[in-house]
Amino acid sequence: MFSREWWKRRSLRVRDDKVTKAAELSLRESLLPLCLVTILFFLWGFSYGLLDTLNKHFQETLHITKARSAGLQAAYFGAYPLASLGHASYILRRFSYRAVFIWGLFLYGLGALLAIPCIKAKSFAGFCVCIFIIGNGLGSLETAANPYITVCGPPKYSEIRINFAQAFNGIGTVVAPVLGSYVFFGFDDNLALQNVQWVYTAIAVFVYILAVVFYLIDLPEITDADMQHQAAETHAGDADQPFRKQYRLFHASFSQFCYTGAQIAIAGYFINYVTETRKDTDSALGAQFLAGAQGTFAIGRFAGAAIMHFIRPRKVFLLFLTACIISVAPSITQRGNTGMSMLYVTLFFESICFPTIMALGMRGLGRHTKRGSGFLVAGVFGGAVVPPLMGAVADMHDTAMSMVVPLAFFAVAWTYALAVNFWPWYRDTCDAFTTAEIGVRERDDGVVAKTVVDEEEAVGMEGQTVGEKGL
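Because the structure is predicted, anything quoted here is derived from the model rather than measured.

Describing the overall build of the chain
Here is step 1: Counting its regular elements, the chain contains 21 helices and 0 strands.
Here is step 2: Across the 471 residues in the chain, those meeting the buried criterion constitute 61%.
Here is step 3: Carbon and sulfur atoms provide 64% of the accessible area of the chain, an area that totals close to 17,700 Å².

Looking at the pattern of salt bridges
Here is step 1: Per the stated rule, a full pass over the model turns up 3 salt bridges.
Here is step 2: Close ionic contact of Glu159 with Arg363 constitutes a salt bridge, the shortest N to O distance being 2.7 Å. Here Glu159 is found in helix α7 (residues 158-183), whereas its partner Arg363 is found in the loop between α15 (353-361) and α16 (369-378), with 204 residues between them in sequence. A single burial state applies to Glu159 and to Arg363, both of which are buried.
Here is step 3: Arg335 is paired through a salt bridge with Asp398; the nearest N and O atoms lie 3.8 Å apart. Note that Arg335 is positioned in the loop between α13 (313-328) and α14 (336-350) and Asp398 in the loop between α17 (382-396) and α18 (399-402), a separation of 63 residues in sequence.
Here is step 4: Judged by its relative accessible area of 37%, Arg335 is partly exposed.
Here is step 5: Take Asp398: its relative accessible area is 27%, and that puts it in the partly exposed class.

Here we look at unusual backbone geometry
Among all residues except glycine, the phi angle is most often negative; among peptide bonds, the trans geometry is most common.
Here is step 1: Backbone geometry at Lys122 places phi at a positive 55°, although glycine is not the residue there.
Here is step 2: Secondary-structure assignment places Lys122 in the loop between α5 (97-120) and α6 (124-151).
Here is step 3: Classification of Lys122 by relative accessible area gives partly exposed; the value is 43%.
Here is step 4: With phi around 55°, Asp280 is a residue other than glycine that occupies positive phi space.
Here is step 5: With respect to the helices and strands, Asp280 occurs in the loop between α11 (270-277) and α12 (283-307).
Here is step 6: When its relative accessible area of 77% is taken as the criterion, Asp280 is described as exposed.

Some remarks on a nonpolar patch on the surface
Here is step 1: On the surface, Phe42, Phe164, Ile171, Val175 and Phe302 cluster together into a nonpolar patch covering about 370 Å² of accessible area.
Here is step 2: Broken down by element, the nonpolar patch gets its largest block of residues, 3 residues, from α7.
Here is step 3: The residue Ile171 is located in helix α7 in this model.

Calculation notes
- Residues numbered from 1 in each chain as written.
- Predicted model: local features only at pLDDT ≥ 70, side-chain atom pairs only at ≥ 80, totals over all residues.
- Heavy atoms only, no water.
- Helix = DSSP H or I, 4+ residues; strand = E, 2+ residues; numbered from the N terminus.
- Buried < 20%, exposed > 50% of the residue type's maximum accessible area, 1.4 Å probe, protein only.
- Areas by Shrake-Rupley, 256 points an atom, 1.4 Å probe, with all protein chains shown as cover.
- Salt bridge = Lys/Arg side-chain N within 4 Å of Asp/Glu carboxyl O.
- Patch = residues over 30% accessible without salt bridge, like charges linked within 9 Å, V, L, I, M, F, W, Y side chains within 5 Å.

This is the structure:
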């Protein structure tokens with residue numbers, strides 16, 4: 001341990017022009033790195049769930065309007081394009097996945113530490129700046145983790161992998177509102193704000209420990225050359241076309257923008273909705289109802305991942321997004337338990353949409369995979385646009401009426417679900433990966449089958465471990 005070779009395997013820079021074995025890992029070989037990266041999904045699910053709870057909390061303790069409290073979502077999700085198209089994308093393309101994981105955790109911890117003096121000063125603007133830093137950190141993590149989960153392992157299971165991993169994101173969104181209902185509400189304003197400080201202190205300590213772990217582990221790196229080879233093997237996509245002609249990617253990114261904005265808006269104003277429409281419901285009880293709704297969201301992801309074993313992911317995606325549109329509409333006119341129940345149903349069907357758009361949008365990108373994933377993650381910027389619109393409508397009318405805003409954005413996102421199911425140019429690319437046997441077939445000698453473009457290069461890589469490739 002700590003030999004020169006050990007340090008080389010933990011280099012933060014890898015070559016991106018070499019075909020390696022990483023994109024053809026079997027299920028068994030990809031298990032450990034996928035488990036470690038899945039921790040990150042829980043982490044930003046917790047942060048996102050905490051944000052929804054703080055939205056209502058700051059309305060009460062700092063006496064601000066619903067539209068202004070949406071500044072939290074605007075700061076948080078507004079940071080995503082800066083990360084996914086800017087600094088995180090640069091680090092991913094020039095260095096490695098490992099480097100982006102560590103960078104994202106550093107920014108997350110920095111924002112959490114800086115939040116403490118802002119909370120003490122009761123500065124909402126200062127806290128929004130800290131949330132912006134945290135958003136940059138989490139945007140960096142998503143820029144790397146979503147594509148990593150998608151491409152690390154057999155491609156035919158990519159939608160199932162990312163939905164299963166994202167289910168732990170859902171668990172994080174359940175834990176945060178439950179925690180918030182007990183430590184943010186039911187106290188006087190000063191004590192409640194002090195509790196927020198302790199939560200962010202614990203977050204900072206945890207993420208810095210996790211950053212050290214990510215540096216020490218052996219993490220397979222997947223290169224652009226790997227993804228180009230994978231696209232060639234499946235005969236799918238337009239990977240040989242310049243990036244500006246990846247039109248399916250841009251449609252997926254726009255759909256992600258609309259869908260994510262609608263999802264964030266509904267969760268962000270869920271507590272407002274139930275306290276306004278349901279009798280004898282205070283903010284603490286509303287936070288517990290939100291935790292229950294996020295629980296259905298997490299269950300939906302596990303259920304969706306299971307269904308994808310039997311039904312093609314694009315069909316499951318169409319079914320779930322259609323159900324979102326159908327179920328959110330009654331919440332506009334209904335009140336009490338009926339309206340809240342429809343939001344529960346909506347969150348269940350929201351579950352698989354974001355990760356499935358991510359996986360389907362990356363199909364066939366080949367050498368453009370890393371850059372393309374940044375565009376898909378940038379679609380999260382919808383979470384900075386739609387909630388303020390919904391908050392403005394809620395201030396003018398009420399929260400129930402404002403549900404028309406996410407309904408409209410769901411409808412626009414639906415165009416991508418229709419395209420991947422009924423337009424052959426979209427559908428055939430998705431299906432080529434769903435039926436691929438890369439990382440699944442076994443050769444006679446029991447080794448996972450893999451095809452290498454250049455035989456000499458394959459010989460040159462013989463005996464080389466995944467962690468040592470490209471160094």
